[in-house]
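What follows is each chain in one-letter form.
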There are 2 protein chains.
Amino acid sequence: MTPETVGFVGLGIMGEPMARNLMAAGHKLIVHNRSRPKAENLAAEGATVAEGPREVAERSDAVVTMLPGPPEVESVFEEMLEVAGGGTLLIDMSTSSPILARKLAADALEKGVGVLDAPVSGGDVGAKDGTLSIMVGGREEDFERARPLFEAMGGTVTHVGEAGAGQTVKACNQIVVALVIEAVSEALVLGERAGVEPAKILDVLSGGLAGNKVMEVKREKFLSRDFSPGGKSRFHLKDLGIALAAARESEVPLPVTAIVNEMFGTLVARGMGDRDHSALIALLDDWARPVEKGDGQARP
Amino acid sequence: MTPETVGFVGLGIMGEPMARNLMAAGHKLIVHNRSRPKAENLAAEGATVAEGPREVAERSDAVVTMLPGPPEVESVFEEMLEVAGGGTLLIDMSTSSPILARKLAADALEKGVGVLDAPVSGGDVGAKDGTLSIMVGGREEDFERARPLFEAMGGTVTHVGEAGAGQTVKACNQIVVALVIEAVSEALVLGERAGVEPAKILDVLSGGLAGNKVMEVKREKFLSRDFSPGGKSRFHLKDLGIALAAARESEVPLPVTAIVNEMFGTLVARGMGDRDHSALIALLDDWARPVEKGDGQARP
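Residue positions are counted from 1 within each chain, in the order its sequence is given. A letter from A marks each chain and a number from 1 marks each ligand, given out in the order of writing. For this predicted model, a pLDDT threshold of at least 70 governs which residues receive local features, and a threshold of 80 or more governs which side-chain atom pairs are given and counted, while totals over whole chains, interfaces and linings are taken from all residues. Heavy atoms throughout the structure, all of them, feed into the side-chain values; hydrogens and water do not.

Okay, the interface of chain A and chain B next. Contacts are assigned to residue pairs with any non-hydrogen atoms lying within 4.5 Å of each other. Counting residues at the interface gives 58 residues for chain A and 58 residues for chain B. The term buried area refers to how much accessible surface (probe radius 1.4 Å) is lost by two components on association, counted for both of them together. In total, chain A and chain B occlude about 4,700 Å² of area from one another, counting both sides; carbon and sulfur atoms represent 76% of this. On the chain A side of the contact with chain B, Glu186, Leu190 and Leu209 of chain A bury the most area, a combined 15% of that side's loss. Salt bridges are defined by distance alone: a side-chain nitrogen of Lys or Arg within 4 Å of a carboxyl oxygen of Asp or Glu. Here chain A is connected to chain B by zero salt bridges. Polar contacts, as used here, are pairs of N or O atoms within 3.5 Å; protein pairs need one atom able to donate a hydrogen and one able to accept it. Residues neighboring in sequence count only if both atoms are side-chain atoms. In this structure, the connection of chain A to chain B is made through 10 residue pairs in polar contact (both at pLDDT 80 or more). Secondary structure is summarised from DSSP: a helix means a run of H or I of at least four residues, a strand means a run of E of at least two, and numbering begins at the N terminus for each. Of all elements in the fold, only strand S8 (132-137), strand S9 (154-161), helix H8 (165-193), helix H9 (198-206), helix H10 (213-217), helix H12 (233-249), helix H13 (255-272) and helix H14 (280-287) of chain A reach the threshold of two or more residues within the side of chain A that touches chain B. Looking at which element gives the most residues to the side of chain A that touches chain B, the answer is H8 of chain A, with 20 residues.

Given below as structure tokens:
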């Protein structure tokens, strides 16, 4: 039984186009956003605006949340779980914590409420085009019920396991993307400083075992050092924090993720949080700069 | 003017099939290998066996070397440069040091001898099939002269810059491959320990920005933990050592390459040097193992 009335909480750069795709697929939408104008946009297209998450949950068969991170997810779910009745389905599509996802699913189960963790990859372009890749954790029956919603928003939809598994796979994804950005950055900075044309390095590496999607998608950013986003550094920093917390819970050390997390932290602290995550190379550029006269001297 | 008589020094797992492809393209071969039986194999197919690098250089228009690493390259070139006359072309296709490559090219230039650094990627399969990717540093005129030889051994041949540039690009390649192996390993160990099926993680990640060739080529090794080589860990350790030395010369810090180098060092020290480089994940498996009772206790 496909949910007819769908709630949507969180109408940011990702949430707004995702909500729009649900409407285009024929669902009746009840929407809420912390700042109201975003919700009014969708109201003009036929959605109903609700005062808060509680009202959204009361009036919907299923609710999708698309929020900045774990604290917002926890607080919105707390409100929704107070009122959600048996048969309601709550679907968190934020990039959030697998630990929190498992806790929320357990809390909801007691009330007969289904919860799915269903983070996405594919960015704002994928959100607009409805081509997101969606990785879903939770019970098979809840997944099947939500499938038509996912298919309205995404291109590839994969049920990867029990509660939390979606967020775990998203954490794995963000680890690989971050470390590949660092890999390409270290190679390029070395090659450039040794006098090789960077475009040639990327060309040769693309053809072999070193080939990767980051090098292909971010090619112009690496070559021009123009870091207009794309995926923002501060979001990637948040995601690596989630990955490291999940790793700690699973008693797994992730030595390189830990370092790249520190590097993204430095990048954000230097005011580059809104730049594309490929700006990681700018940190290496800086470290590779010749030391100026007077540096490293005893202070007067 | 294509070199007619081609010398070949170093008939290992890569060199032997490369030499064979040169013969198949119609070149007369003068070969030498430290242990003679390998050379005798090729003699049976029409090559002439020489006593040492010096004799190879004396009798050839061009010489290809395919040796374990910088010390062997330096010693073989020293012998060859004593006798090589004007117009001889020496082509080192080993994975060696860009610093050494620049030095050898400078030494040779004084005697009118051309030198190219032309390391390859593609492994023993690429060597056999003549589909190696060859990245070449050196003078344009030497590159053009050597081109027919490269085309007999490789699929993609790229002139990437002046002397040393071939080795620099190879170092870049080995950095990216090593760091991507580590990236996939950290993601998989986290995901598996959190209870997600590893094949699903690889499937989902392959479709997006995390996609990479390592994940594709090494998929079965990661899933089965069967690390039959493939590219051996001890060679990759050697290659990262070369990359870090080149980085030091260029005054570039490579923080993650340094750590992954240490990890390969540990892997080799533990007797895994002849295992595939994807065995890096075995080190993380080990670190992620639950601490046994009694560990971390004061010794009696």
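What follows deals with helix H7 (residues 140-153) of chain A. Residues and elements named next belong to chain A. Multiplying one less than the number of residues by 1.5 Å gives the expected span of a helix. The end-to-end C-alpha separation of H7 is 19 Å, in line with the 20 Å expected for 14 residues at 1.5 Å each. Of all the bends found along H7, the most pronounced is centred on Arg147 and spans about 50°, while Pro148, a proline, follows it within four residues. For each residue, the accessible area found with a 1.4 Å probe, counting protein chains only, is set against the maximum for its type, and the residue is called buried under 20%, exposed over 50%, and partly exposed in between. Within the sequence span of H7, burial applies to Asp142, Phe143, Ala146, Leu149, Phe150, Ala152 and Met153. Two axes enter the bend calculation: one fitted to the seven residues ending at the residue in question, the other to the seven starting there, and the bend is the angle between them.

By the alternation rule, side chains of strand S6 (residues 114-117) of chain B split into Gly114 and Leu116 of chain B and Val115 and Asp117 of chain B, which are all buried. Note on handedness: a clockwise path from strand one over the helix to strand two, with the strands aimed away from the viewer, defines a right-handed crossover. On the question of chirality, the crossover connecting strand S5 (residues 89-92) of chain B to the parallel S6 of chain B by way of helix H5 (residues 98-109) of chain B is right-handed.

When the copies are superposed, the least-squares fit takes in the C-alpha atoms of residues with a pLDDT of at least 70 in both. Of the transformation superimposing chain A on chain B, the axial component is 0.0 Å and the angular component is 180°, with the fit at an RMSD of 0.0 Å. Taken together, the rotation and translation relating the two chain copies correspond to the operation of a two-fold axis. Of every C-alpha in chain A, the one belonging to Asn212 of chain A sits nearest the axis of rotation, 2.0 Å from it. Of the interface residues in chain A, 100% have counterparts in chain B that sit at the interface too, so the contact is made through matching surfaces.

This part takes up the pairing of strand S8 (residues 132-137) of chain B. All names here are of chain B. Counted residue by residue, S8 has six buried out of six residues, so it is predominantly covered. With burial as the criterion, each face of S8 is covered, one bearing Leu132, Ile134 and Val136 and the other bearing Ser133, Met135 and Gly137. At least two bridges found by DSSP between two strands are what make those strands a pair. Relative to S8, strand S7 (residues 120-121) is paired through two bridges, and the arrangement is antiparallel. By the bridge assignment for S8, Ser121 is matched with Ser133. With six bridges joining them, S8 and strand S9 (residues 154-161) adopt parallel strand pairing.

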